[in-house]
Amino acid sequence: MKKYTFAVVGALGNVGTEMRNILETSDLPIGNLILMDLAQNAAKKVSWRSNEYTVIEAKAESFTGVDIAIMSAGAGASLELSPEAVKRGCVVIDNSTAFRMAPEHPLVILEVNADALENHRGIIANPNCSTIQMLVVLKPIHDKYCIKRVIVNTYQAVSGSGQAAVEELRSQIRAFANGEEMLASVYPHQIAFNVLPQIDVFLENGYSNEEMKMILETAKILDPKIKMTATTVRVPVMTGHSESLNIETEKPFEVEEIKTLMEESPGIVLQDDPGKNVYPLAINAAGKDAVFVGRIRRDFSAENTLNMWCASDNLRKGAALNTIQIAQEIVKRNLVRVQ
Ligand SMILES: NC(=O)c1ccc[n+]([C@@H]2O[C@H](COP(=O)([O-])OP(=O)(O)OC[C@H]3O[C@@H](n4cnc5c(N)ncnc54)[C@H](OP(=O)(O)O)[C@@H]3O)[C@@H](O)[C@H]2O)c1
């Protein structure tokens, strides 16, 4: 089997670290792995599959000879480096917001729209972490019952804001334990022992950018006819996003049918035994690949409407794993080429 040269860009970050971890045990045909990050991090040593790798600076020339680059270094880096990588014949799978809404670049979750990969032109975008876990759940319900409207509320972990946010929560917890002042710099308010109804910046319509990402990405990936509203919230959880979903369908359903559908659908694990306190928990989802669903019940206040709860690891299925699944699919479909 042909082997490929892979690059991880932003290799030392939260998502980049998870990418390296997943790649270690993946069956991708990796002939060579190149780790790239900011110039200031170049020359750092990283161990991967028992070998020592030296991180190099992410710049245009670094992509010469790279077949597939998985990028997780922020939108600025992606906008600058991805076209340069593509010029050099490299397929880029990008975790940032840079190309998600560009009509010419596919935005892909394998469980939802894998065929969108067929026409890629060198750049494939990875959706927002909250969108990914929601759409893995909505896709089978939409296929069978035709979703009319979704109300989603998220409870998002701090690792979704990068390593600095994880450190901020840790240092606030330490400060609290020592009776010291809890300082905030990543978030506008203290995140420890708090809940912040703000993720990303606010837009003119009153929604946050994160809320609009979920809405617009759903239209691009699943179906623009689905009506959706979202409230995205940051909670003091290290890793694992949770979501409450209220879903109205065109066709009637039985709750048991939805549970069976969830059990049979790819990428989903049903955890639904409330009598025994069994339901998805962020801390149990962390480190796992699936989207966990539970608390499935009929919404008695509206026709053909159900409530459910889901949790997933925002760094894995929400970011690194989804990116690597895309890489596996383009290798499998022989799409490692730039048109
Ligand atoms: N975490 C999530 O749940 C999640 C989910 C989906 C998408 N994403 C996206 O993934 C990207 C990275 O997120 P993260 O959580 O891994 O952030 P992070 O922990 O801050 O890591 C980013 C890494 O990229 C490096 N970097 C920054 N600018 C760079 C450049 N121009 N060239 C090369 N490397 C550069 C950073 O170096 P320094 O630390 O030295 O600055 C750091 O090592 C963001 O675009 C984020 O929106 C994150």
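Residues numbered from 1 in each chain as written. Predicted model: local features only at pLDDT ≥ 70, side-chain atom pairs only at ≥ 80, totals over all residues. Heavy atoms only, no water.

A. Seen up close, the packing of aromatic side chains. Throughout the structure, instances matching the rule amount to 4 aromatic pairs. Look at Phe176 and Phe193: their rings are 4.5 Å apart centre to centre, the planes differ by 50 degrees, and that puts the pair in the tilted class. You can see Phe176 sitting in helix H5 (residues 163-177) and its partner Phe193 sitting in the loop between H5 and helix H6 (209-221), a full 17 residues away along the chain. Note on Phe176: relative accessible area 49%, which makes it partly exposed. (Phe/Tyr/Trp six-rings, centres within 6.5 Å; stacked < 30°, edge-to-face > 60°. Helix = DSSP H or I, 4+ residues; strand = E, 2+ residues; numbered from the N terminus. Buried < 20%, exposed > 50% of the residue type's maximum accessible area, 1.4 Å probe, protein only.)

B. Looking closely at the sheet that holds strand S2 (residues 30-37). Spatial ordering of the open sheet is given by S5-S2-S1-S6-S7-S8, a layout of 6 strands whose pairing is parallel. Looking along the sheet, the strands with just one partner apiece sit at the ends: strand S5 (56-57) and strand S8 (123-125). (Pairing = 2+ DSSP bridges.)

C. Structural view of the site of the ligand. Near the ligand there are 26 residues, and of these Asn14, Val15, Asp37, Asn41 and Ser72 occur at the shortest range. At 3.3 Å, a backbone N or O of Gly13 approaches an oxygen atom of the ligand. Here Asn14 contributes a backbone N or O atom positioned 2.9 Å from an oxygen atom of the ligand. Burial of the ligand by the protein chains amounts to 77% of its free accessible area of 900 Å². Elements with a minimum of two residues in the shell around the ligand: helix H1 (14-25) and helix H9 (316-332). Counted by class, the shell around the ligand contains 9 nonpolar, 15 polar and 2 charged residues. (Near = heavy atom within 4 Å. Polar contact = N/O pair within 3.5 Å; in protein donor to acceptor, adjacent residues only side chain to side chain. Areas by Shrake-Rupley, 256 points an atom, 1.4 Å probe, with all protein chains shown as cover. Nonpolar A, V, L, I, M, F, W, Y, C, P; charged D, E, K, R; others polar.)

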